[in-house]
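So the chains spell out like this:
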Amino acid sequence: MKQDPGEEEWVSKSQRKRECDALQKIGERLLKLKPDDLSLIDLPTELAAALEETRHIHSNSALKRQRQYLGKLMRTCDHEKIEQQLISVEHRNDTNTAQFRKIEKWRDRLIDNDKDVLGEIIEEHPDLDRQHIHNLVRTAAKEASANKPPTASRKLFKYLREIASATVE
């Protein structure tokens, strides 16, 4: 049986409940954001006011009702757009963390005398001062073998971070 274009597609009650639960979960994720992060998301005024009001509620039963209300509000707005913005806010620091870990690995490999890593670094950042990096690596390796505080290791990390950020800008 063909459906008229004006008719809505039939959706089971269970499916509607799953969709409502998913929207409530988005609302809960919005609640977990700090106010500064929440301001980065383009929210309808009614939803933003409801989220702000939720922060002042302490009663469990009242919180449950308010979360359901947030889910109801989410149904009336462009929840897909809000979810995309929420994802970008939640994951905006991932690239910084990845860059930080990459620099840490470079530093550790340099101190461990890995000959290949210097070539990788030079390939990505040809403007680095090779003599300076060799001196930092030599000093950091001496400190590590003598169980001294990692002052040169920190300087090496700082230099690698400066090189990487100069290339990005």
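This section reports on the structure supplied with the text. (Residues numbered from 1 in each chain as written. Predicted model: local features only at pLDDT ≥ 70, side-chain atom pairs only at ≥ 80, totals over all residues. Heavy atoms only, no water.)

1. Some thoughts on helix α5 (residues 79-90)
Three- or four-residue spacings in an α-helix give side chains the same orientation, since the helix completes a turn every 3.6 residues. End to end, α5 covers 16 Å across 12 residues, agreeing with the expected 16 Å (1.5 Å per residue, within 8%). Of all the positions in α5, only I82, Q85, L86 and V89 are classed as buried. Taken down its axis, α5 places every buried residue within 105° of arc, on the same side. Residues E80 and Q84 are exposed on α5 and point more than 90 degrees away from its buried face. In this structure, the buried residues of α5 make contact with α1 (13-32), α2 (35-38), α3 (45-54) and α4 (60-76). (Helix = DSSP H or I, 4+ residues; strand = E, 2+ residues; numbered from the N terminus. Expected span 1.5 Å × (residues − 1). Buried < 20%, exposed > 50% of the residue type's maximum accessible area, 1.4 Å probe, protein only. Arc of directions from axis to C-beta. Contact = heavy atoms within 4.5 Å.)

2. Let's talk about the side chain of Q66
One can find Q66 in helix α4. Residue class for Q66 comes out buried when judged on its relative accessible area of 9%. At 3.2 Å, the side chain of Q66 and the side chain of T54 are in polar contact. Residues contacting Q66, with those up to four places away along its chain left out, are A50, E53, T54 and I57. (Polar contact = N/O pair within 3.5 Å; in protein donor to acceptor, adjacent residues only side chain to side chain.)

3. A short note on the environment of D127
Here D127 is to be found in the loop between α7 (115-124) and α8 (130-145). With a relative accessible area of 58%, D127 lands in the exposed category. A C-alpha to C-alpha distance of 9.9 Å links D127 and A166, two positions 39 residues apart in sequence.

4. Details of the packing of aromatic side chains
Two descriptors summarise a pair of aromatic rings, namely the distance from one centre to the other and the angle between the planes of the rings. Tallied over the full model, the rule gives one aromatic pair. Where F100 meets F157, the ring centres are 5.1 Å apart and the plane angle is 70°; that geometry is what we call edge-to-face. Of this pair, F100 sits in helix α6 (residues 94-111) while F157 is found in helix α9 (residues 151-168), placing the two residues 57 residues apart along the sequence. A relative accessible area of 38% places F100 in the partly exposed class. (Phe/Tyr/Trp six-rings, centres within 6.5 Å; stacked < 30°, edge-to-face > 60°.)

5. A short note on the pattern of salt bridges
Inspection of every chain in the model, using the stated rule, returns eight salt bridges. D114 is the partner of R109 in a salt bridge, and the nearest nitrogen-oxygen pair spans 2.8 Å. Measuring nitrogen to oxygen at the nearest pair gives 3.1 Å for the salt bridge that ties R109 to E120. In this pair, R109 is assigned in helix α6 and E120 in helix α7, connecting sequence segments 11 residues apart. You can call R109 partly exposed: its relative accessible area is 27%. Several salt bridges converge on common partners, so that one network encompasses R29, E83 and E90. (Salt bridge = Lys/Arg side-chain N within 4 Å of Asp/Glu carboxyl O.)

6. Focus: the nonpolar core
In globular proteins that are soluble, nonpolar side chains generally tend to be buried together. Counting 20 residues, the largest nonpolar core has L110, I121, L128, I133, L156, Y159 and L160 as its most contacted members. For this core, the secondary structure elements donating two or more residues are α6, α7, α8 and α9. No other element matches the seven residues that α9 contributes to this core. If near-sequence neighbours (up to four positions away) are discounted, I121 is found in contact with W106, L110, L128 and L160. (Core = buried A, V, L, I, M, F, W, Y, C linked by side-chain atoms within 4.5 Å.)

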